[in-house]
Amino acid sequence: MSVRTVVTLALTALFLENFVFTRFLGVRAVIDASRSLRLVFMNGVVMIVLVGAAAPLVRLLDEYLLMPRGLEYLRLLVSVGVLMILSMGGEELMRRRLPGFYDALHAAQPMVMTNTAILGAVLLANQENLSAPQAALFGIFGALGFLLAALLFIGVRERIDMADCPGSFRGFPIALITLGLLSMAFMGFTGLRLW
Amino acid sequence: MSLSGLLIAALLLCGMAGVLAALALLSGRDEQASARAETLAEALPGLDCTRCGHAGCLAYAMAVAEGRAETDRCQPGGEQSRLELEHRLGRYEVEPEKYVAFVRCAGGLAAPQRYAYDGPAACAAAAILPGGGPMECRVGCLGLGSCARSCPVGAIDMVDGVARVNRDKCNGCMRCISVCPRHIIEAVPRSAAARPACAASWMATPCDFGCDLCGKCVTECRAGAISIKDGAVTVDDARCTGCGRCADVCERGVFQRLRNR
Amino acid sequence: MSAIRKWLEDLGATVKKPTAAFLMSMCAALAVTTRLQDGVAIGLCITVVLVLSSLTISLLSSRVPEKLREVTVLLLFAVYTTAADMLLSAWLPSQNDALGIFLPLIAASGSLIAWVDRTASRMPLRPAGLQSALTGLRMTAALAGLSLLRELFGSGTVAGFPVFASTAPVRLLSQPAGGFLLFGFLIAAVQGAAAAGRRKKP
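To continue, consider the overall build of chain C. Along its length, chain C carries eight helices and two strands. In chain C, the succession of α and β elements from N to C terminus is α-α-α-α-α-α-α-β-β-α. When each of the 202 residues of chain C is scored for burial, the buried share is 47%.

Right under this line is the structure:
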């Protein structure tokens, strides 16, 4: 894998096909996490680690266990299962051995299995038949793209909260409109040709 | 669909389900503690300042619920948060003593300002500006009235550009404490006699309205209730007799008498 | 901080209302509402998965220990979503391709899973099935409305049949950005209507 492939993968996952703004994944998680900056980083870190570990694992299982025996229909179940095992196992491990990490990260745990970006990253890596290392990179950079989106969103939301918003727009609607405007900004990246 | 394929599928699914069930059953995660943590977190100011040593208010509440942390670690919440936590944990039979809010600043907009602020009339907006805001003093009241607006009973008035709590109206809901970006609103017991209206310590630059640590109140107090801790004047309510001598002797009028003799 | 709390309180209040609550479970489904048939298809799939999961968990909840319930619900969602995926790919393969990965992503719908975990598991069989069916159909209706608007004004067609042949369509609506904006305005309209309804009541 050359540097060129890595950079292309990174830029694509971060900007051209950003999980939140272009692919529509993890929208709910971005809005929920925007309660505090701490939650945003928690979600981001958990997502990077989880997807970075789960995506290659699922790819390997898919290539060596499911495909040779014609069990492609189990892909979703295997993805969900691997993610759940990693997240629950990781939480237990942190609780017992790394209490500092547990303290910092466990508030993000309920959001893990309901985050469409996490499951989406694993499924997408599978769908595009990436190799295991490529899947790991795709997952990590995609998660970084999610973190970018969440940081942008929380930054704008803090300002909006101080503004005078019409009653029926307060809360979810203005959040979605903000995401729409940010998404429009990211539309500027389409048509970008990397090399 | 071959039989061996189906068998492998069944084995895989059962294996995964088994591992998940084992993880779920053996997990030390206390569901009840999680539920209680939500209730306990309501007793905390919600600032996520991490002064308690935990990663935010919810993490601290979770630690208390699981018995990993003591209840007196919250600094902004102070005594009130400790008593509320104990009350919610069921350890405190009696309703905690009523607390009222107290704004530790007497300067506000009248204090020296570095520049003229023109922006949203929200203290949070002014506080995030470079240098910590338009005021010279980094722990002074910004005077934009976010606390007054957040008060559900209208107990806070902006008097001469500084927030002042009307103790008769205050019901101790602590909402203003969580709103103040400078963290200078304190919960003081209703029975407290006097408090210095200045949050500056030797690290902050006091203005003419603030405490210059002259120490007169410390020497004047017959009961020895006043001392200078961490560079700031603190009052020990247990020793305070309510004589009010500290307020009389304070040259700058920073020491405010909270109740009449 | 109080503004953020107020935001959360608003969110909480609207979640309690059936009118706006189900709209919020639709985030992932928004991606496929560029055409009417896609919106209806994903809505119906969500309904099917929701009903089957609610019925199953309602049956099993007495036998499943408390600690295992969340895991069970998640796995049930995954199982029924796989089933729906396979059925659709067998009967309407083109529709399945159009939905892409958003059909399997029904297994990650947070608010639906939370609802099934907390509410449907405590309901007896008939009410669970009925409630979940109604919720799912309401969502399908909302998705259908949204995708009708997006397709009509975004590409000038309705389910593929050209309607505005000569007028230039608003291409933004076919993009994710347009979806966000339209959805935001839709929820604002619903919240406004709910608030107006509340004001009318003395």
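The rest of the description comes next.
To continue, consider helix 7 (residues 125-155) of chain C. Within an α-helix, residues lying three or four positions from one another point in the same direction, as the helix has 3.6 residues per turn. In this model, helix 7 of chain C (31 residues) spans 43 Å end to end at C-alpha, consistent with the 45 Å of a helix rising 1.5 Å per residue. Note on helix 7 of chain C: the residue one or two positions beyond its end, Gly156 of chain C, has a positive phi of about 75 degrees.

A separate point is the pairing of strand 2 (residues 156-159) of chain B. Residue and element names in this part refer to chain B. Of the pairings in the sheet, the one linking strand 2 to strand 3 (residues 162-165) comprises four bridges and is antiparallel in character. Counterpart to Asp157 in the pairing with strand 3 is Arg164. Between the antiparallel neighbours strand 2 and strand 3 lie two residues, among them Asp160 with a positive phi of about 55 degrees.

Here the focus is the interface of chain A and chain B. The interface of chain A with chain B comprises 19 residues on the first partner and 22 residues on the second. The set of elements that each furnish at least two residues to the side of chain A that touches chain B consists of helix 4 (75-97) and helix 5 (99-105) of chain A.

Before going further, it helps to examine unusual backbone geometry. Residues and elements named next belong to chain B. A positive phi angle, close to 55 degrees, is found at Asp160, a residue other than glycine. Examined against the element boundaries, Asp160 turns out to sit in the loop between strand 2 and strand 3. Within the chain, His183 stands out as a residue other than glycine whose phi angle is a positive 55 degrees. Along the chain, His183 falls in the loop between helix 7 (175-179) and strand 4 (185-189). For His183, a count of 17 C-beta atoms within 10 Å translates into the label partly exposed.

So, how was this worked out
Here the residue numbering is sequential within each chain, running from 1 through the sequence in written order. Labels are handed out in written order, letters beginning with A for the chains and numbers beginning with 1 for the ligands. Only residues with pLDDT of at least 70 are given local features in this predicted model, and only at 80 or more are side-chain atom pairs given and counted; all residues enter the totals for whole chains, interfaces and linings. Starting at the N terminus, helices and strands are each numbered in turn, a helix being any DSSP run of H or I of at least four residues and a strand any DSSP run of E of at least two. Partly exposed residues are those whose C-beta has more than 12 but fewer than 20 other C-beta atoms within 10 Å; 20 or more makes a residue buried and 12 or fewer makes it exposed, with C-beta atoms placed from the backbone. Here a helix's expected span is defined as the number of its residues, less one, multiplied by 1.5 Å. Between any two strands, at least two bridges found by DSSP are needed for them to pair. Note on contacts: residues are paired as contacts if their backbone-placed C-beta atoms lie within 7 Å.

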